[in-house]
Amino acid sequence: MGRTPPHPQVSQFDLQQVLEALVDPVRRSVVAQLGAAAEDIRCGDFDMPVSKSTATHHFRVLREAGLIRQYYVGTSRMNALRRAEMDEAFPGLLDALTRSGKNTVLPARPT
């Protein structure tokens, strides 16, 4: 396993935990960015108007709910949306979230 953090199996997904993870606009934005991306995204490459420690917390909540998978490539922690697994457990949930376009992407950080 090495540095890769633990991830729940599909059988361990809990709808309440998933919905609680998605209630936060920062976490919904992470899911939306992953859903729109052509490839997995490094933690530091997300558009998030929060500190690094707060971002780490948000990634942990998403990972523990089963929404994202995190792994390392060199020194970079990568993030992948677990769309297939979520669709297996809760069909249509991610599609509804990413299709709505409403309240999923945060405005850009002020400069």
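As shown above, the structure is provided for reference.
All values reported here derive from a predicted model rather than from experimental measurement.

A. Expanded view of the overall build of the protein chain. Scanning the protein chain from terminus to terminus reveals 5 helices and 3 strands. Secondary structure of the protein chain in N-to-C order comes out as α-α-β-α-β-β-α-α. Here the protein chain, with 111 residues, has 38% of them falling under the buried criterion. For the protein chain, restricting intrachain contacts to residue pairs at least 6 apart in sequence, the fraction spanning at least 24 positions comes to 66%.

B. Here's a closer look at helix H2 (residues 25-36). Here H2 is 12 residues long and its end C-alpha atoms lie 16 Å apart, about the 16 Å a rise of 1.5 Å per residue gives. The buried fraction of H2 amounts to 9 of the 12 residues, a majority that puts the element mostly inside the structure. Residues of H2 that are buried include every one of Val26, Arg27, Arg28, Ser29, Val30, Val31, Ala32, Gln33 and Leu34, and no others. Its side-chain oxygen at 2.8 Å from the backbone nitrogen of Val26, Asp24 defines the N-terminal cap of H2.

C. Focus on the pattern of salt bridges. This model, assessed by the stated rule, comprises 5 salt bridges. Notably, a salt bridge pairs Asp45 with Arg42, separated by 2.9 Å at the nearest N-O pair. A residue is classified by how much of its surface remains accessible, and Asp45, at 47% relative accessible area, is partly exposed. The exposure class of Arg42 is partly exposed, given its relative accessible area of 35%. Three or more residues joined by partner-sharing salt bridges are found here, namely Arg69, Arg82 and Glu85.

D. Quick peek at the pairing of strand S2 (residues 68-73). In this structure, S2 lies alongside strand S3 (residues 76-81), joined through 6 bridges in antiparallel fashion. Across the sheet, the residue bridging to Gln70 is Asn79, located in S3. Following S2, the chain reverses through 2 residues before pairing antiparallel with S3; Gly74 in that reversal takes a positive phi of roughly 65°.

E. Structural context of the pairing of S3. Summarising burial for S3: 5 of the 6 residues are buried, a large majority. Note that strand S1 (residues 41-42) and S3 share 2 bridges and pair antiparallel. From the neighbouring strand, Arg42 faces S3, where its bridge partner is Met78.

Criteria and thresholds
Residue numbers run consecutively from 1 along every chain, following the written order of its sequence. pLDDT decides what is reported in this predicted model: residues at 70 or higher carry local features, side-chain atom pairs at 80 or more are listed and counted, and totals for whole chains, interfaces and linings draw on all residues regardless. Only hydrogens and water are set aside; all other atoms, that is, all heavy atoms of the structure, feed into the side-chain values. By definition, any uninterrupted DSSP run of H or I lasting at least four residues is a helix, any uninterrupted run of E lasting at least two residues is a strand, and each is numbered from the N terminus. Burial status follows relative accessibility: with a 1.4 Å probe on protein chains alone, a residue under 20% of its type maximum counts as buried, one over 50% as exposed, and anything between as partly exposed. By definition, residues are in contact when any of their heavy atoms lie within 4.5 Å. Helix span, as expected, comes to 1.5 Å for every residue beyond the first. Any N or O atom pair separated by 3.5 Å or less is treated as a polar contact, with the protein-specific requirement of one donor-capable and one acceptor-capable atom, and with residues adjacent in sequence counted only for side-chain atom pairs. A pair is scored as a salt bridge if a Lys or Arg side-chain nitrogen falls within 4 Å of a carboxyl oxygen belonging to Asp or Glu. What makes two strands pair is DSSP finding at least two bridges between them.

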